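The primary structure of each chain is shown beneath.
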2 protein chains.
Amino acid sequence: MSERPSSSSSNPPNTPSQEHPAVAVDVVIFMIREGRLQVLLVKRRYPPFEGRWAIPGGFVHIDESLEDAARRELREETGVEDVYLEQLYTFGRPDRDPRMRVISVTYFALLPAGEIDVRAGDDAADARWFPVDDLPPLAFDHREIIEYALTRLRYKLEYTDVGFQLLPAEFTLTELQRAYEIVLGEQLDKRNFRRKILQSRILRETGRLRAGEGRPARLYEYRSDVRLQVKARRLFP
Amino acid sequence: MSERPSSSSSNPPNTPSQEHPAVAVDVVIFMIREGRLQVLLVKRRYPPFEGRWAIPGGFVHIDESLEDAARRELREETGVEDVYLEQLYTFGRPDRDPRMRVISVTYFALLPAGEIDVRAGDDAADARWFPVDDLPPLAFDHREIIEYALTRLRYKLEYTDVGFQLLPAEFTLTELQRAYEIVLGEQLDKRNFRRKILQSRILRETGRLRAGEGRPARLYEYRSDVRLQVKARRLFP
DNA sequence: ACAAAAGTGTTATGGGTACACCCATGC
DNA sequence: GCATGGGTGTACCCATAACACTTTTGT
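Residues numbered from 1 in each chain as written. Chains lettered and ligands numbered in written order. Predicted model: local features only at pLDDT ≥ 70, side-chain atom pairs only at ≥ 80, totals over all residues. Heavy atoms only, no water.

### A few points about the protein's contact with DNA strand D
And then number 1: If you check the shell around DNA strand D, you find 20 residues, and the closest are A:R215, B:K190, B:R194, B:G214 and B:R215.
And then number 2: Of everything in DNA strand D that lies within 4 Å of the protein, sugar and phosphate atoms constitute 40%.
And then number 3: Within the side chain of A:N192, an N or O atom sits 3.1 Å from a base nitrogen of DNA strand D.
And then number 4: At a separation of 3.0 Å, a phosphate oxygen of DNA strand D approaches a polar side-chain atom of A:K196.
And then number 5: Mapped by element, the contributors of at least two residues to the surface near DNA strand D are α4 (190-199) of chain A together with α4 (190-199) and β10 (217-222) of chain B. (Near = heavy atom within 4 Å. Polar contact = N/O pair within 3.5 Å; in protein donor to acceptor, adjacent residues only side chain to side chain. Helix = DSSP H or I, 4+ residues; strand = E, 2+ residues; numbered from the N terminus.)

Here you go:
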């Protein structure tokens, strides 16, 4: 904000120096489906990149906040509300959109697994889920955006509790561990995992059981009231 | 990016749905001065918030990247180039600037201590350093932006090597430790600190000494070639 | 009784933290 | 020789990592 008179913008207080870029929000929507981490993509109907897959997005309305715009896109595409949404990064290379200058404020969203299989809201025909490790060619710099979102998600999985956002309200410890393994792309030790999760006090046992092929598993729910705090004093990798 | 026809923007391919917001970059410039962590602020000359202090910033030119715009502001204000600069967050509440819709892509910069006392480039009269724990009333949402930058800086200090960007090319271990203590706002143990830093292999002894009041101290330089990697598998705070 | 998945404890190792004294120089 | 800051080692504790068997249910 705040134009200030400086060598390059010495104009009256109320006008930015030049024409404005367009501002869009794009949302990387993650969900665990079929045992893999997937993202929702939409097929573009117009040039440029007509027919190419892209992450859902659109221009920011002049009177809505960035997060509101992201939630609107999310709702239009999936019908979901009240899911985890976090601002990721703002991409602004002048040539990232061949038509005109577009600055994209990106977000990533986490949908709980299993609930409803969102087939995408309005125009379902053009929306599909793709595993993050098997993406089609993408429009614009969207591949880079997804890679970045994935890096951030993996990172946050380790030192925050965002991981629970990928699970439904009730889940078993094995399901939770699978979710972690799917996102991190790596096997975890069952006993160590359980000890760590349980001693963090972030789960509450619901008292119910889920019957399956073998012995029924205890169901847990996430306690969003517990404040996890990072205590680690690391001072270096 | 990528307008897509959707319930709210079903217009031809090449026009965003409404008028564009203005896009600005604002830069939180940190430097350790006089034993405290300080930020560079400029005094606004025009309404709104005329006479109030604000972080340096300005509108993004239509053909420059966001980072270029941030570096341009940094250069105009301090004369420095080639310093650490990182995108922080994008603030876009519709009412954050009373005049019009302005979306601010914020960055933070770290200047090496001691070098030259940048008194601010062009219009020096209106620029001053303020300790982060003693800020004047600020324009717009700039207080929030600085708080956020500070949180991020403290956080990154612990698990990356950004801290070295706050020091000149050659420094003693005590100076490095002071820098950490100043930013973190907390005392650190000398022996543990030195062991940790040295065993990370990120410093090279220059072989020179700095004479002072007591015993001369060994000088070190940062080895930007060493790739620090986070190995920690934490799975939770 | 057997297949399938749930659930459970111990040990070894490494990193973090706490802590006090000698060393080299200038005055 | 004394004041000033530089430089060094050890012991305890806790978190992590590795590792295999028993339990409960359905068929």
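### As for the protein's contact with DNA strand C
And then number 1: Close to DNA strand C lie 20 residues, the nearest being A:T174, A:K190, A:R191, A:R218 and B:N192.
And then number 2: Counting only atoms of DNA strand C within 4 Å of the protein, the fraction found in sugar and phosphate groups is 42%.
And then number 3: Take A:R194: an N or O atom from its side chain is 3.3 Å from a phosphate oxygen of DNA strand C.
And then number 4: One nitrogen or oxygen atom from the side chain of B:K196 is found 3.2 Å from a phosphate oxygen belonging to DNA strand C.
And then number 5: When contributions to the surface near DNA strand C are tallied by element, the ones reaching two or more residues are α4 and β10 (217-222) of chain A together with α4 of chain B.
And then number 6: Looking at the surface near DNA strand C, its residues break down into three nonpolar, four polar and 13 charged. (Nonpolar A, V, L, I, M, F, W, Y, C, P; charged D, E, K, R; others polar.)

### Concerning α4(B)
And then number 1: For α4(B), the N-terminal cap is B:D189; the gap from its side-chain oxygen to the backbone nitrogen of B:R191 is 3.1 Å.
And then number 2: B:R201 sits one or two residues past α4(B) and shows a positive phi near 65°.

### Let's talk about the packing of aromatic side chains
And then number 1: What the rule picks out here adds up to 24 aromatic pairs over all chains.
And then number 2: Pairing A:F30 with A:F108 gives two aromatic rings, centres 6.3 Å apart and planes at 70°, and the pair type is edge-to-face. Pair noted here: A:F30 is in strand β1 (residues 22-33) and A:F108 is in strand β6 (residues 102-111), with a separation of 78 residues, a long-range link.
And then number 3: Assessed through its relative accessible area of 0%, A:F30 is described here as buried.
And then number 4: Looking at A:F108, the relative accessible area reads 0%, which means it is buried.
And then number 5: Three or more aromatic residues link up through ring pairs in this structure, and these residues are A:Y155, A:Y159, B:Y155 and B:Y159. (Phe/Tyr/Trp six-rings, centres within 6.5 Å; stacked < 30°, edge-to-face > 60°. Buried < 20%, exposed > 50% of the residue type's maximum accessible area, 1.4 Å probe, protein only.)

### Things to note about the side chain of A:H142
All names here are of chain A.
And then number 1: Looking at where H142 falls in the secondary structure, it is placed in helix α2 (residues 142-159).
And then number 2: H142 gets classed as buried once you look at its relative accessible area, which sits at 0%.
And then number 3: Separated by 3.1 Å, the side chain of H142 and the backbone nitrogen of I55 make a polar contact.

### Regarding the sheet that holds strand β9 (residues 203-210) of chain B
Residues and elements named next belong to chain B.
And then number 1: Taking strand neighbours across the sheet as the criterion, the three strands line up as β8-β10-β9 in an open arrangement whose pairing is antiparallel. Because the sheet does not close on itself, it has two edges, and the strands there are β8 (170-171) and β9.
And then number 2: Across two bridges, β8 lies against β10 in antiparallel orientation. Bridged to E170 within β10 is E221. (Pairing = 2+ DSSP bridges.)

### Let's talk about the pattern of salt bridges
Residues and elements named next belong to chain A.
And then number 1: Applying the stated rule across the entire model yields 40 salt bridges over all chains.
And then number 2: E175 serves as the salt-bridge partner of R210, at 2.3 Å between the closest nitrogen and oxygen. Note that R210 is positioned in strand β9 (residues 203-210) and E175 in helix α3 (residues 173-184), a separation of 35 residues in sequence.
And then number 3: One network of salt bridges, with partners in common, ties together E64, R72, E73 and E76. (Salt bridge = Lys/Arg side-chain N within 4 Å of Asp/Glu carboxyl O.)

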